[in-house]
Amino acid sequence: MAALLYESVISLFASLCFGILFQLRGRKLIFAAIGGMISWFLYLGSSLLFPHHDILSYFISSVGFTLYSECSARMHHAPTSIFLTISLIPLVPGNGIYQTMYYCVLSDTAKALAEGVNTVAISGALALGIVVVSSVFHAVRVIKPKHSFLLR
């Protein structure tokens, strides 16, 4: 449990640095960095629940941080993409992309293909989670309930 919290706090600082790089300021920067912490926490937590289903863990995490990003965007009257981009940073499969290219350079086609397919699957799970939640938020916004602070 301590490792889970430690890694989540580290991802908060990593997301904070990317937020500074993207020139976010004030409360938006803090809330976007918290989104990065939430995304990594959800990924690690779901990895503990489903140890052999890595793609499912990425999907659960993307659903969670997209919900957080949509709610934060409504509360701060800002675009969702600000919070979504920073929250996604800890989950980007950079190592998978690197390993795919590394195996390509070594001419190990089987390993490159396996790593490439896994990386594309991770990216697809992240994208699917974002699309599902964003579509639901958009559909609910079209209905226009009068007293919901999340959907204004």
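Residues numbered from 1 in each chain as written. Predicted model: local features only at pLDDT ≥ 70, side-chain atom pairs only at ≥ 80, totals over all residues. Heavy atoms only, no water.

**A short note on a nonpolar patch on the surface**
Piece 1. Residues Leu49, Phe50, Leu56 and Ile60 make up a contiguous nonpolar surface patch of roughly 330 Å² in combined accessible area.
Piece 2. With respect to the helices and strands, the residue Leu49 is situated in helix H2 (residues 26–49).
Piece 3. For Leu49, a relative accessible area of 64% translates into the label exposed. (Patch = residues over 30% accessible without salt bridge, like charges linked within 9 Å, V, L, I, M, F, W, Y side chains within 5 Å. Areas by Shrake-Rupley, 256 points an atom, 1.4 Å probe, with all protein chains shown as cover. Salt bridge = Lys/Arg side-chain N within 4 Å of Asp/Glu carboxyl O. Helix = DSSP H or I, 4+ residues; strand = E, 2+ residues; numbered from the N terminus. Buried < 20%, exposed > 50% of the residue type's maximum accessible area, 1.4 Å probe, protein only.)

**Focus on the environment of Ser47**
Piece 1. When you line up the elements, Ser47 lands in helix H2.
Piece 2. Taking the C-alpha atoms as reference points, Ser47 and Ala127, separated by 80 residues in sequence, lie 18 Å from one another.
Piece 3. At 2.9 Å, the side chain of Ser47 and the backbone oxygen of Tyr43 are in polar contact. (Polar contact = N/O pair within 3.5 Å; in protein donor to acceptor, adjacent residues only side chain to side chain.)

**Comments concerning unusual backbone geometry**
Piece 1. In this structure, His77 takes a positive phi of about 50 degrees despite not being glycine.
Piece 2. The residue His77 is located in the loop between helix H3 (54–76) and helix H4 (80–88) in this model.
Piece 3. Classification of His77 by relative accessible area gives exposed; the value is 70%.

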